[in-house]
Amino acid sequence: MTDTMKSGTAAIPAQPGPAEAESVRGSEGEEESVRRKGNGEHRMPAGVGGGEGTVESAAGPVGSAAAAADSVLSAVAGAGPVGRPGERATVRLRAGDPEEPPRYAPEWLQLREGPDAAARAQDLLDPLRIRLANQPGRAGGLAVHDLGCGTGSMGRWLAPRLDGAQHWVLHDRDPYLLHFAAVASPRSAADGSPVSVETRRGDVARLTPDALSGASLVTASALLDVLTRDEVFALVDACAGAGCPALLTLSVAGRVELTPDHPLDAEIAEAFNAHQRRAGLLGPDAVTVACEAFAARGASVRVHPSPWRLGPDQAALTEQWLRGWVGAAVEQRPDLRERAEPYLHDRLAACAAGALRVVVHHSDLLALPRPAGGTS
Ligand SMILES: C[S@@+](CC[C@H](N)C(=O)[O-])C[C@H]1O[C@@H](n2cnc3c(N)ncnc32)[C@H](O)[C@@H]1O
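Residues numbered from 1 in each chain as written. Predicted model: local features only at pLDDT ≥ 70, side-chain atom pairs only at ≥ 80, totals over all residues.

1. Observations concerning the overall build of the protein chain
In terms of regular secondary structure, the protein chain is built from 10 helices and 11 strands. When contacts within the protein chain are restricted to residue pairs at least 6 apart in sequence, those whose partners lie at least 24 apart make up 79%. (Helix = DSSP H or I, 4+ residues; strand = E, 2+ residues; numbered from the N terminus. Contact = placed C-beta atoms within 7 Å.)

2. Notes on unusual backbone geometry
Across the junction of Thr259 and Pro260, the peptide omega takes the value 0°, indicating a cis bond. Structurally, Pro260 can be placed in the loop between strand S8 (246-259) and helix H7 (265-276). Positive phi values are uncommon outside glycine, yet Ala222 reaches one of about 60°. Since 22 C-beta atoms lie within 10 Å of it, Ala222 is described here as buried. (Buried ≥ 20, exposed ≤ 12 C-beta atoms within 10 Å, placed from the backbone.)

3. As for the site of the ligand
Taken together, 20 residues form the shell around the ligand, and within it Gly148, Gly150, Arg173, Ser221 and Ala222 come nearest. Counting residues per element, the ones that place at least two in the shell around the ligand are helix H2 (106-119) and helix H4 (153-158). (Near = placed C-beta within 6 Å.)

4. Some words on the packing of H2 against helix H9 (residues 315-332)
Where H2 contacts H9, the axes come no closer than 9 Å and their chain directions differ by 120°. It follows from the interaxial angle that H2 and H9 lie oblique. Here the hand of the crossing between H2 and H9 comes out left-handed. Only Ala316, Leu317 and Gln320 of H9 make contact with H2, whose side of the interface consists of Trp108, Leu111, Arg112 and Pro115. (Axes fitted to C-alpha atoms, helices over the stretch in contact; angles between N-to-C directions. Parallel < 35°, antiparallel > 145°, perpendicular 65-115°, else oblique. Left-handed = near helix turned anticlockwise from the far one by under 90°.)

5. Considerations on the environment of His171
Mapped onto the elements of the fold, His171 is located in strand S5 (residues 166-172). Judged by local crowding, His171 falls into the buried class, with 26 C-beta atoms found within 10 Å. Residues His171 and Val204 lie 33 residues apart in sequence; the distance between their C-alpha atoms is 7.1 Å. Residue contacts for His171: discarding those within four places in its chain leaves His145, Asp146, Leu147, Gly148, Cys149, Arg200, Gly202 and Val204.

6. Points about helix H5 (residues 175-183)
Buried residues dominate H5, accounting for eight of its nine residues. Regarding H5, the residues found buried are Tyr176, Leu177, Leu178, His179, Phe180, Ala181, Ala182 and Val183.

7. Describing the pairing of S8
The element S8 is largely enclosed, with a buried count of 11 among its 14 residues. As paired strands, strand S7 (residues 217-221) and S8 are joined by four bridges and run parallel to one another. Looking at S8, one finds that Thr219 is bridged to Leu247. Two elements, S8 and strand S11 (residues 357-368), share nine bridges in a ladder whose sense is antiparallel. (Pairing = 2+ DSSP bridges.)

8. Describing the environment of Arg255
On the secondary structure map, Arg255 appears in strand S8. The sequence separation of Arg255 and Pro307 amounts to 52 residues, and the corresponding C-alpha distance is 9.6 Å.

9. Considerations on the environment of Ser213
Checked against the element boundaries, Ser213 lands in the loop between strand S6 (195-201) and S7. Distance from Ser213 to Ala238, taken between C-alpha atoms, is 8.8 Å for residues 25 residues apart in sequence.

10. Quick word on helix H10 (residues 337-352)
Look at H10: 22 Å from first C-alpha to last across 16 residues, which is about the 22 Å you get at 1.5 Å a residue. Trailing H10 by a residue or two, Gly354 shows a phi angle of about 75°, which is positive. (Expected span 1.5 Å × (residues − 1).)

11. Quick look at the nonpolar core
Of all hydrophobic cores here, the largest spans 92 residues; its most connected members are Leu224, Val232, Cys239 and Ala290. Top contributing element to this core by residue count: H9, with 10 residues. Excluding its chain neighbours within four sequence positions, the residues that come into contact with Val232 are Leu224, Leu227, Leu282, Ala286, Val289, Ala290 and Ala293. (Core = buried A, V, L, I, M, F, W, Y, C linked by C-beta atoms within 7 Å.)

12. Re the confidence of the model for the protein chain
Across the protein chain, pLDDT averages 79, with 72% of residues at or above 70. Segment residues 50-96 is flagged for pLDDT under 50; beyond a separation of four residues in sequence, or across chains, it makes 131 contacts in the model. (pLDDT = per-residue confidence, 0-100.)

13. Topic: the packing of H9 against H10
Axis separation between H9 and H10 bottoms out at 10 Å; the angle between their running directions is 175°. Classified by the interaxial angle, the pair formed by H9 and H10 is roughly antiparallel. Across the interface between the two elements, Ala315, Thr318, Glu319, Leu322, Val326, Ala329 and Val330 from H9 touch Arg337, Ala340, Tyr343, Leu344, Arg347, Leu348, Cys351 and Ala352 from H10. Split into classes, the residues belonging to the contact of H9 with H10 amount to 11 nonpolar, one polar and three charged. (Nonpolar A, V, L, I, M, F, W, Y, C, P; charged D, E, K, R; others polar.)

Right under this line is the structure:
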């Protein structure tokens, strides 16, 4: 088993090396801003941002998934859960402080980048483009804030789909991920205009409107469902204070479809959803709560489905997702363990044989504030 992303040129260590960790570290809870440095100062991890590296899953190659299933319900790097309420798709990279927030493995974020890109709702882009084109001050370029940016996949997806010069402010609490986001950031917009980035380390659940001052757009991907109701309301307040659109993609919807189906599917899904809601996290309720919060501030909100459709070509992601999904369900309901272990064994075998299809439902949300002095 390995937790390392391999290539001939670079490797991500299982734990952040001091150089990476320190490069964006500020004092706890404090936002620290780091602008992209010139070429050559950072080495890009293979594979992050669509590079050439390959991911060797923590459980070994996908072909050995069924064989590895006997230890199925232990923590698996990149697939979570690893024992903290609400953690998902997460690996704790350092042993120690149980109060340390969950950290997301870059390998997991890389695995999901392609399916995330395919899943995001294209239909929300035109209304967003129209709003951005009509924004006052547009000539100076767009200021885009990506909250919970991870390794920056949202920017790599969205920046080349928008016209005009852009400056992206990448927010995350994890300096290790911010480092990768900075080095793999997009360089040009749809029309070839330049794209620049800076990173800010901090807790996006405690963003003040000041932090988003001057923003043209706030965006996030796979973030809302790991926040609490109060945190989502605070985040919506910050967006409302900035008066800009918000595109919040890939929040879990709490529904999955596995083909072929199995009598245990529904019970696992229910336990997984309960796990996501532990400790006040919103999990599958995130989009409903965000809609409520935006509507309370007069924004118009559109929600579109953005499901992952996983088949044989996404076996590595499906394997990791299955391990995390079943593992979280068992953590939530230990009485499921006896039935869940053979269930997961069979599911992993079907996945390795190319005989499993999974649809994981998500939702994307676009909130457009009422234009100043007009109607939306
Ligand atoms: C599921 S990952 C998604 C990463 C990225 N947006 C993507 O789509 O690949 C969630 C990200 O949000 C960050 N995050 C979660 N809660 C946060 C918080 N309260 N403040 C700052 N970052 C947070 C995590 O560190 C992680 O990078």
